[in-house]
Amino acid sequence: GGGGGGGGGGGGGPLDFLRNHPQFVVLRGLVQARPEMLQPLMEQLQQTIPPEVLQAIQENPEEFVRILNEPVDQQQLLQANMQVQQMMAGGGDDGGVEIQLTEAEAEALQRLEGLGFPRNIALEAYLACDKNEEMAANYLFENGADMMADEGGD
């Protein structure tokens, strides 16, 4: 066993758990599509992730960047997006998750739909981007076509 430890000895590093964490998978997809988003996303992350996770990232910046740059499987990204939505909506795995949006958030969602994206995909991007409309629009322009192709189940 011991799945061939990469590079500097030993297999799983201290940040290994991030690799399959839904929010981190979404972050990876975003940052790879738009590297300039890393800084604002990291600032946002610092307010939302548990202190022990933040500390692990700060203590292992090289590993963090290495994991960030690993290729993201589109299927994994899609599943992670769904999981993040469910976490934000407080569970409910019946598929019909009810997400409460404020009036301003609903308007932002409508504007994203107005860019030509189906509501569910616009909502997925909006939630994945922590309800940041500008980031969601960028994300949709980068990944929207792929997301719509995935929806269709070609």
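The structure presented is a predicted model; accordingly, all values stated were derived computationally and were not measured.

So, how was this worked out
Residues numbered from 1 in each chain as written. Predicted model: local features only at pLDDT ≥ 70, side-chain atom pairs only at ≥ 80, totals over all residues. Heavy atoms only, no water. Phe/Tyr/Trp six-rings, centres within 6.5 Å; stacked < 30°, edge-to-face > 60°. Helix = DSSP H or I, 4+ residues; strand = E, 2+ residues; numbered from the N terminus. Buried < 20%, exposed > 50% of the residue type's maximum accessible area, 1.4 Å probe, protein only. Core = buried A, V, L, I, M, F, W, Y, C linked by side-chain atoms within 4.5 Å. Contact = heavy atoms within 4.5 Å. Axes fitted to C-alpha atoms, helices over the stretch in contact; angles between N-to-C directions. Parallel < 35°, antiparallel > 145°, perpendicular 65-115°, else oblique. Nonpolar A, V, L, I, M, F, W, Y, C, P; charged D, E, K, R; others polar.

### Quick look at the packing of aromatic side chains
For step 1, the next point in the chain: Within the structure shown, the criterion is met by 2 aromatic pairs.
For step 2, the next point in the chain: Ring geometry for Phe 117 and Phe 141: centres 6.0 Å apart, planes at 70°, overall edge-to-face. Taken together, the residues span a long stretch of sequence, with Phe 117 in the loop between α6 (103-114) and α7 (119-128) and Phe 141 in helix α8 (residues 133-152) at a distance of 24 residues.
For step 3, the next point in the chain: Note on Phe 141: relative accessible area 56%, which makes it exposed.

### Points about the nonpolar core
For step 1, the next point in the chain: Ranked by internal contacts, the top residues of the largest apolar core, which has 42 residues, are Leu 27, Ile 57 and Phe 64.
For step 2, the next point in the chain: Mapped by element, the contributors of at least two residues to this core are α1 (22-33), α2 (38-48), α3 (51-59), α4 (61-68), α5 (74-88), α6, α7 and α8.
For step 3, the next point in the chain: Broken down by element, the residue count for this core peaks at 7 residues, all from α7.
For step 4, the next point in the chain: Not counting residues up to four positions away in its chain, the partners in contact with Phe 64 are Leu 15, Leu 18, Phe 24, Leu 27, Met 42 and Ile 57.

### Description of the packing of α1 against α2
For step 1, the next point in the chain: Two numbers describe how α1 lies on α2: the axes approach to 10 Å, and their chain directions differ by 155°. Compared by their axis directions, α1 and α2 come out roughly antiparallel. Seen from α1, the contacting residues are Leu 27, Leu 30 and Val 31; seen from α2, they are Leu 38, Leu 41 and Leu 45.
For step 2, the next point in the chain: Residues that form the contact of α1 with α2 fall into these classes: 6 nonpolar, no polar and no charged.

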